[in-house]
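# Analysis of the macromolecular model
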Amino acid sequence: VSVVVLVESEEGRASLVSREALTFARSLGAGELHAVVVGAASEALLDDCRAAGVAVVHEAGDPALERYAAAAWAAVVEAAGRAARADLVVAPGTGRGNEVLAHVAARRRLQLAANVVRVESLSPLVVQRQVVGGAALEQAEVTSRVRLMTMAGHAVEPSPAAEPGEARVSPLSVPIDPKDLRAQVARVEVREQGDTSGLASAPVVVGAGRGAGGPEGFADVDALAARLGGAVGVSRVVTSLGWRPHHEQVGQTGSRIAPEVYIACGISGSIQHWAGCASSRTIIAVNTDPDAPMVTKADYAVIGDMHEVLPAVLAELG
Amino acid sequence: MTNVLVCVKRVPDVTGEVVLTGDGMRIDGRYAGYTTSPHEEAAVALAVQATEGSDGTVTVLSVGSPDSIEQIRAGIAVGATDGILVEADADTLGPADVAEAVAEVVRTREAAGSTYDLVLLGNDAADTGDFQVGVRLAYLLDRPVVAGIQQVELDGARAILRGEGPEGTEVYDVELPAVVTVLEGGVAPRYPNITGRMRAKKAAVDTVAWSGTAAGSGRQGLSVPEPPPTQVTVLGEGAAAVPALVDVLRELRVVPE
């Protein structure tokens, strides 16, 4: 028996949430750990797999898969599952991870538990999974013979295995049905300014909410993020009002972040926002309201107007 | 003419606090009220925008209790044409059941001569967060499906779809009929005006009963994690607290030298 984990690559290595999923899958002790990657596995990605204790890396290098197509990726995951004789398949709880496993579930008529944070029992499979954007947990039983789950981002920290794995590359030749390419990325428009594609993995995030006051109220937020080498994250109200683009949104309907430090300025801290930032290692709130949930849940707080505090921080940092 | 079907879910409004029912099996929305799942609100706005100025129609469908008609009428109030309520106890249905229920409506309407060229759903429901109803529906209907879309343009028998990927905005060009799941953020929210509200009151909403056998969700119970007791260190007020704040940042080693 083995466990197959879908590993996504990011900047040449295994993405953070993929490494978390590998750590989690290994901790289940449900069998030999296998990874499946779409595209050529880089040396750095294989190193990550070795460290995580992966025995075999199933690599699907078909050029037809160069542009993302969820159904075709699902065909690859199915093929890896067969090759590994796996009855447990895990994917990172990212947009792609959830989408691809949903395809596998639909194709094979299996159940899928999305955004799992904990496994209570392996057989029968009983999991705790995030619902309501992480504000509540659902205990659910998965009765399918082949068990599918995605791992909620940042539920565990990636850690190396006691014994590194061999991470032997096993080429996977998957015949791709043209039907599975009916919905395929035609092109990617690379983001121009304010690129925060790294929001989910930024070491520092400077956040701003309604307290910014308007679209012109972000100059110091941008400046502090730049000074700290971090990214800007905003609350839902900010994107709903059109002050900042949606890809900067942190929360249930935006990005989940897990930086070393999250500096939340003028954000009250709704459940939806908290769902996206709770995994930050240290949270610093800047808010005029000492009773705002963001303040009471933070590690450190400055009570005051962000437009007074941030310029002073920038001056102090020099 | 393009006919769009938008599936919306009535969910408890949990902006403030999540309250569970006594048996711990459901979220209790009696006090905070109910709303439309945010991604689906965006899906309605996208459908209305994409069909504006054409003779296309937008039908809002919900699978749920009779109260879900409120969410259907909210969609009509911001520009949808009509609605369909599939009456069922949504809490007893799993994601595969909901996909079945929607597929049944699409097939029935198709047999009666009206095709939904595009079916829009939310990427994931705000309450159950299963991330799979749209994909399952697409397989039941044998249609292509794209998840996580924020912009929709109709171009004859094709749809141009945009969503955020790891490297930038991903563009899909998909032949209709298709299924698309939507993430909020790519379209401005729509608010009803008086005319919209009046039309919503009068618009036709068909009610059908779901006849399937529910496979269920496998739910054994819900819990709300205890919030940790506050451990906040207040560094002070206003600019006077800034030196202490900068000390904290330096201690955490996040200030590049």
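Residues numbered from 1 in each chain as written. Chains lettered and ligands numbered in written order. Predicted model: local features only at pLDDT ≥ 70, side-chain atom pairs only at ≥ 80, totals over all residues. Heavy atoms only, no water.

## Focus on the sheet that holds strand 16 (residues 282–287) of chain A
- Spatial ordering of the open sheet is given by 14(A)-13(A)-15(A)-16(A)-17(A)-14(B), a layout of 6 strands whose pairing is parallel. Pairing within the sheet leaves two strands with one partner each, and these edge strands are strand 14 (231–234) of chain A together with strand 14 (233–237) of chain B. Taking each pair of neighbouring strands and ignoring which way they run, the sheet shows an average axis angle of 20 degrees.
- Pairing analysis gives 4 bridges linking strand 17 (residues 300–303) of chain A to strand 14 of chain B, with the strands arranged parallel. Residue pairing for strand 14 of chain B: Val302 of chain A is matched across the bridge by Gly236 of chain B. (Pairing = 2+ DSSP bridges. Helix = DSSP H or I, 4+ residues; strand = E, 2+ residues; numbered from the N terminus. Axes fitted to C-alpha atoms, helices over the stretch in contact; angles between N-to-C directions.)

## A short note on the nonpolar core
- One finds Leu148 of chain A together with Val6, Leu61, Val119, Leu120, Leu137 and Leu161 of chain B to be the most contacted residues of the largest nonpolar core, which totals 96 residues.
- Of the residues forming this core, the biggest block, 9 residues, is contributed by helix 3 (residues 70–83) of chain A.
- Once you skip the residues sitting within four places of it in the chain, Val119 of chain B turns out to touch Leu5, Cys7, Val106, Leu137, Arg143, Ala178, Val179 and Val180 of chain B.
- By size, the runner-up hydrophobic cluster in this structure holds 33 residues, among which are Ala225, Ile263, Cys265 and Leu317 of chain A. (Core = buried A, V, L, I, M, F, W, Y, C linked by side-chain atoms within 4.5 Å. Buried < 20%, exposed > 50% of the residue type's maximum accessible area, 1.4 Å probe, protein only. Contact = heavy atoms within 4.5 Å.)

## Some words on the pairing of strand 17 of chain A
- With 4 bridges joining them, strand 16 of chain A and strand 17 of chain A adopt parallel strand pairing. The residue bridging Ile284 of chain A from the neighbouring strand is Tyr300 of chain A, located in strand 17 of chain A.

## Observations concerning the sheet that holds strand 4 (residues 32–38) of chain A
- As summarised here, the arrangement of the 10 strands in space is 11(A)-5(A)-4(A)-1(A)-6(A)-10(A)-7(A)-8(A)-9(A)-13(B), forming an open sheet in which the pairing is mixed. In this open sheet, the two edge strands, each paired with only one partner strand, are strand 11 (168–171) of chain A together with strand 13 (219–223) of chain B. This sheet shows a mean twist of 35 degrees between the axes of neighbouring strands, independent of strand direction.
- In this sheet, strand 8 (residues 125–131) of chain A lies alongside strand 7 (residues 112–121) of chain A in antiparallel orientation, the contact comprising 4 bridges. In the strand pairing of strand 8 of chain A, Val119 of chain A is matched with Val127 of chain A.
- On the sheet, helix 3 of chain A packs against strand 1 (2–6), strand 4, strand 5 (56–60) and strand 6 (86–92) of chain A and is oriented at approximately 155 degrees with respect to strand 4 of chain A.
- With respect to the sheet, helix 4 (residues 95–108) of chain A is in contact with strand 1, strand 6, strand 7 and strand 10 (147–151) of chain A, its orientation differing from that of strand 10 of chain A by roughly 170 degrees.

## Here's the deal with the environment of Gly95 of chain A
Residues and elements named next belong to chain A.
- Within the secondary structure, Gly95 is located in helix 4.
- Residue Gly95 is classed as exposed on the basis of its relative accessible area of 59%.
- For Gly95 and Arg108, which are 13 residues apart along the polypeptide, the C-alpha to C-alpha distance reads 20 Å.

## Topic: the side chain of Glu138 of chain A
- Residue position: Glu138 of chain A is located in strand 9 (residues 136–142).
- A polar contact is formed between the side chain of Glu138 of chain A and the side chain of Arg129 of chain A, at a distance of 2.6 Å.
- A distance of 2.6 Å separates a polar atom in the side chain of Glu138 of chain A from a polar atom in the side chain of Arg219 of chain B.
- When sequence neighbours within four positions are dropped, the list of residues in contact with Glu138 of chain A reads Val127, Gln128, Arg129 and Val131 of chain A together with Ser217, Arg219, Gly221 and Leu222 of chain B. (Polar contact = N/O pair within 3.5 Å; in protein donor to acceptor, adjacent residues only side chain to side chain.)

## A short note on the side chain of Asp97 of chain B
All names here are of chain B.
- Considering the arrangement of structural elements, one finds Asp97 in helix 3 (residues 95–111).
- Buried charged residue Asp97 carries no salt bridge. Nearest counter-charge: Arg136, at 8.9 Å.
- Once residues lying within four places of it in the same chain are set aside, the contact partners of Asp97 are Thr92, Trp210, Thr213, Ala214, Ala215 and Gly216. (Lys, Arg positive; Asp, Glu negative; His and termini not counted. Salt bridge = Lys/Arg side-chain N within 4 Å of Asp/Glu carboxyl O.)

## Considerations on the packing of aromatic side chains
All names here are of chain A.
- Applying the stated criterion across every chain, the model contains 2 aromatic pairs over all chains.
- Ring centres 5.0 Å apart and planes at 85 degrees place the aromatic pair Tyr68 and Trp73 in the edge-to-face group.
- Looking at Trp73, the relative accessible area reads 10%, which means it is buried.
- With 6.5 Å between their ring centres and 70 degrees between their planes, Phe218 and Trp243 make a pair best called edge-to-face. Linking Phe218 in the loop between strand 13 (204–208) and helix 5 (219–227) with Trp243 in the loop between helix 6 (236–240) and strand 15 (261–265), this pair joins segments that are 25 residues apart in sequence. Each of the two residues, Phe218 as well as Trp243, counts as buried.
- Sitting over the face of the ring of Tyr68, Arg96 holds its NZ or CZ atom 3.7 Å from the ring centroid. (Phe/Tyr/Trp six-rings, centres within 6.5 Å; stacked < 30°, edge-to-face > 60°. Lys NZ or Arg CZ within 6 Å of the ring centre and 35° of its normal.)

## With respect to helix 1 (residues 38–51) of chain B
Residue and element names in this part refer to chain B.
- Taking 1.5 Å of rise per residue, the 14 residues of helix 1 would be expected to cover 20 Å, and the 20 Å separating its terminal C-alpha atoms lies within 8% of that figure.
- Taken across its 14 residues, helix 1 has 12 buried, putting it largely inside the fold.
- Buried residues of helix 1: Pro38, His39, Glu40, Ala42, Ala43, Val44, Ala45, Leu46, Ala47, Val48, Ala50 and Thr51, and no others.
- With its phi angle positive at about 80 degrees, Gly53 sits one or two positions after the end of helix 1. (Expected span 1.5 Å × (residues − 1).)

Limitation: the analysis is restricted to geometry and does not speak to function.
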